[in-house]
Amino acid sequence: MPPLTTQHDLENQIHDFLAAHDPSATDPLDFLRARFDAGLAWLHYPPGLGGQSLPRGLQPVAEQAFAAAGAPDNNPRRIGIGLGMAAPTILAFGTDEQKERWLRPLWCGEEVWCQLFSEPGAGSDLAALATRAVRDGDDWVVTGQKVWTSMAHEARWAILVTRTDPDVPKHQGMTYFVLDMTAPGVEVRPLRQITGEAEFNEVFLTGVRVPDAHRLGAVGDGWRVAQTTLMNERVAIGGGAAPREAGMIGILAEAWRTRPEVREPALHDRLMTLWVAAEAARLTGLRLSAQLAAGQPGPEGSAAKYAFATLNQQLSGLELELLGEEGLRYDDWTMRRPDTVDFVGRSPGYRYLRAKGNSIEGGTSEILLNIIAERVLGLPGEIRADKDVAWKDLPR
Amino acid sequence: MSEELLYSEPEDELRAAVADLLGARAPWTEVLARTETAEPYDADLWKALGTGIGAAGLLVPEELGGAGASLREAAVVAEELGKAVAPVPFLGSLGATALLLALPGCDAWLRRIASGEQTAAVAIPFSTLPGNGRRNTVSVTPWPPKEGITDARLTGRVTGVADALPADLLIVPADGSLYAVQAADVTRTAVTSLDMTRVLCDIELDDAPGELLAIGYSALDDALTATAAVLASEQLGLAERCLAMTVEYVKTRHQFGRAVGSYQGLKHRLAQLWVQIAQARAVARHAVSATGDERAIAVAVAQAHCSTVAVLAAEECVQMHGGIGFTWEHPAHLYLKRAKSTSLAFGTAARHRARLAELVALPPS
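Residues numbered from 1 in each chain as written. Chains lettered and ligands numbered in written order. Predicted model: local features only at pLDDT ≥ 70, side-chain atom pairs only at ≥ 80, totals over all residues. Heavy atoms only, no water.

Visitor: I'd like to hear about the overall build of chain A, residue by residue, with values.
Guide: Helices and strands together make up the secondary structure of chain A, namely eleven helices and eight strands. Its C-alpha radius of gyration of 23 Å places chain A within 12% of the 21 Å reference for a compact globule of 396 residues. Principal-axis analysis of the C-alpha atoms places the extent of chain A at approximately 70 × 60 × 45 Å. Considering chain A as a whole, with its 396 residues, one finds that 51% of them fall into the buried category. Of the contacts formed within chain A by residues at least 6 apart in sequence, a portion of 70% connects residues at least 24 apart. Entry remark: accessible area of chain A is about 17500 Å², with carbon and sulfur atoms responsible for 54%. Across chain A, 40 positive and 52 negative side-chain charges occur, with their mean positions spaced 3 Å apart. (Helix = DSSP H or I, 4+ residues; strand = E, 2+ residues; numbered from the N terminus. Rg over C-alpha atoms; globule rule 2.2 N^0.38 Å. Buried < 20%, exposed > 50% of the residue type's maximum accessible area, 1.4 Å probe, protein only. Contact = heavy atoms within 4.5 Å. Areas by Shrake-Rupley, 256 points an atom, 1.4 Å probe, with all protein chains shown as cover. Lys, Arg positive; Asp, Glu negative; His and termini not counted. Charge placed at Lys NZ, Arg CZ, Asp CG, Glu CD.)

Take a look at the structure:
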């Protein structure tokens, strides 16, 4: 079969697929499985694994065509960690059996994934992590504590980085596994946040047995495998085609327009400064998408998350100031377990508090600035006192 | 619409040609040396750029001897000129060309601009905000004007005009209409300008002969908006060069036994600047691509953002170069003076935000 390179060919292919699988008359899961098997799931994946090795830029074409036909989707926000982080890592490092076993139910949303990376003692310095995995026959026995784990309470599988050799410097002694979240010894406890709810969890691992067949990459190569996961996280965050005044700036602009009583002259220029900043961030995201679609990926993606975090915090802070007395109220401190973050549906106080996490989760703003400075601008790296020291001898 | 935010291949080729020319003919040492001569504008460089590469006639239709290009190509030229703080009247010429293109019966003028025979400028203070600030300082007889008048007389004074010193033709807004006036018929006095590489002048008209070009100012606002859009790209280029220069310096400058660029106190600020410049590139591209009602919004956003980024980049350039950055013999001051001056040109960032507030219905009270 000739390679499908044009949008037109792809649209024809989707048209034929939809003719054979009427979305309104097919069970949603069966539909998604068929879409995966037809290579129309993630187009840039290889044939046989849900794709056709097409350019990433064509994906929106497929999503729009399926959405227009009223086809069921795989609830991408719910399975974001699987799609954005676990899948690319399995694709890059997994064996054929592993790819076969995990990728299809992952994409179809049958199995939710979570990420067991951060630990109480290893946040920005992920490579210092202490969760131990010890070889025992065909298994590994894992003991330790992970934290900031979204979706752990619903996940079937986890991507997990462990310490397998404490006698070598920290980057060298790690190994990467896929962990069965239903295995004995896995305990998930909600971790309540400053907002009152618990998106995240602590995950305690006590003598959990992981088969060696669930290892991704070589023993001791876990850091390199983890880099693939983290790089894909950042790619996933950049870009997008949001309309003007989408998100938090839209909430603020709406309040300013519809409620003249909140218009404080001294705050007007601040509002407009943030309006410009939001528009600049939006256009930068659009430009990034265009670059990706044209096959010119740029480093702008690493800036997008930094800019988003800063902007969200400034906007949500201004919103409370605008509202004055109303800003003194909060909607609900009740402990909840949301699947996704909902900035729009909650109160201004919630937005203000939740935005504080934006500059911490998925790489702190300070670490992102280090990355831009070192990898984009080529500035010297931080002095690393722990580089040549065995992990077990590091102060902690 | 998002492809318009990228650069096309012809635009990349134009950029390379301009960069080569400036690299050979406008190194900063020569730009600096010229600032203390009687000729603050580089006529030879302008000839090479204007007619050699065709920058003067970029917007002029091909049948009039121009390139028939758009603001997007002009913006690429402006980026390179900003990188070099080159002393050529490209921006002023562009503004005058955009204005003449919108007026009927100006083909002869446009032909002369494209051929390099004449350089034109709009006689309006550099600080004028598009769509605003029409303080009339020139009076005309006869008044009211009638179509076809070629022998009007203009008297008055226009201060702080950019790129008018090397111009042959001035387009003078006066008493609500636009007139063509030969530069030889007015008195131009160079202003000791904050930006030494774009020297302003005051223009004195004393019964100067003028030819009526158009009644009304509506075309003037559009031309100013177009010029402000292109200025955002000049600011982008300037900021890029300041960042590159500074990054290079902090990699090589050692203090306390380390490259100063290894300190987070500098690294993080440079990374933040890079983020803002990446955004400036997107908004500057949008400003020269947008049409219709969107254009005024896009230009206000670009001016508010890019002028702020250019000033920040130049200020960080001076600060991070430390002692040497504060000296006359380092180019940082040329960039700082250009950046700060452009942030006042066509209105400050705050005035663009105020204008934007009107355009997007976010009134101050």
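Visitor: Describe the side chain of R353(B), with residues and values.
Guide: Mapped onto the fold, R353(B) is located in helix α12 (residues 349–359). Of the residues examined, R353(B) reaches a relative accessible area of 13% and is grouped as buried. At a separation of 3.2 Å, a polar atom in the side chain of R353(B) contacts the side chain of T273(A). Setting aside its immediate chain neighbours within four residues, R353(B) contacts D269(A), M272(A), T273(A), V276(A) and A304(B). (Polar contact = N/O pair within 3.5 Å; in protein donor to acceptor, adjacent residues only side chain to side chain.)

Visitor: How would you sum up the domain arrangement of chain A? Please name residues and give values.
Guide: All names here are of chain A. Each assigned domain of chain A is listed with its residue range as follows: domain 1 (9–107), domain 2 (113–220) and domain 3 (238–363). Here domain 2 and domain 3 have C-alpha centroids that lie 32 Å from each other. Taken residue by residue, the interface counts 15 residues in domain 2 and 17 residues in domain 3. In this assembly, domain 2 packs against domain 3 so that about 1400 Å² is buried in total across both faces, 54% of it on carbon and sulfur atoms. It is T195, E197 and E199 in domain 2 that bury the most area against domain 3; as a group they hold 38% of the surface buried on that side. (Domains from an automatic or database assignment. Buried area = accessible area lost by both parts, 1.4 Å probe.)

Visitor: Report on the domain arrangement of chain B, specifying residues and quantitative values.
Guide: Interfaces are often described in size by the accessible area the parts lose on coming together. Residues and elements named next belong to chain B. Domain assignment breaks chain B into domain 1 (2–119), domain 2 (122–217) and domain 3 (220–359). The straight-line distance from the C-alpha centre of domain 2 to that of domain 3 is 30 Å. Listed as interface residues are 18 residues of domain 2 and, on the opposing side, 22 residues of domain 3. In this structure, the connection of domain 2 to domain 3 is made through two salt bridges. (Salt bridge = Lys/Arg side-chain N within 4 Å of Asp/Glu carboxyl O.)

Visitor: Which residues make up helix α4 (residues 80–93) of chain A, and what values do they have?
Guide: Residues that lie three or four places apart on an α-helix share one face, since the helix turns once every 3.6 residues. Residue and element names in this part refer to chain A. The end-to-end C-alpha separation of α4 is 19 Å, in line with the 20 Å expected for 14 residues at 1.5 Å each. A86 marks the point of greatest bend in α4, at about 40°, and the proline P88 comes within the next four residues. Of all 14 residues in α4, ten are buried; the element is thus mostly enclosed. Buried within α4 are the following residues: I81, G82, G84, M85, A86, A87, P88, T89, I90 and F93. (Expected span 1.5 Å × (residues − 1). Bend = angle between axes of the 7 residues up to and from the residue.)

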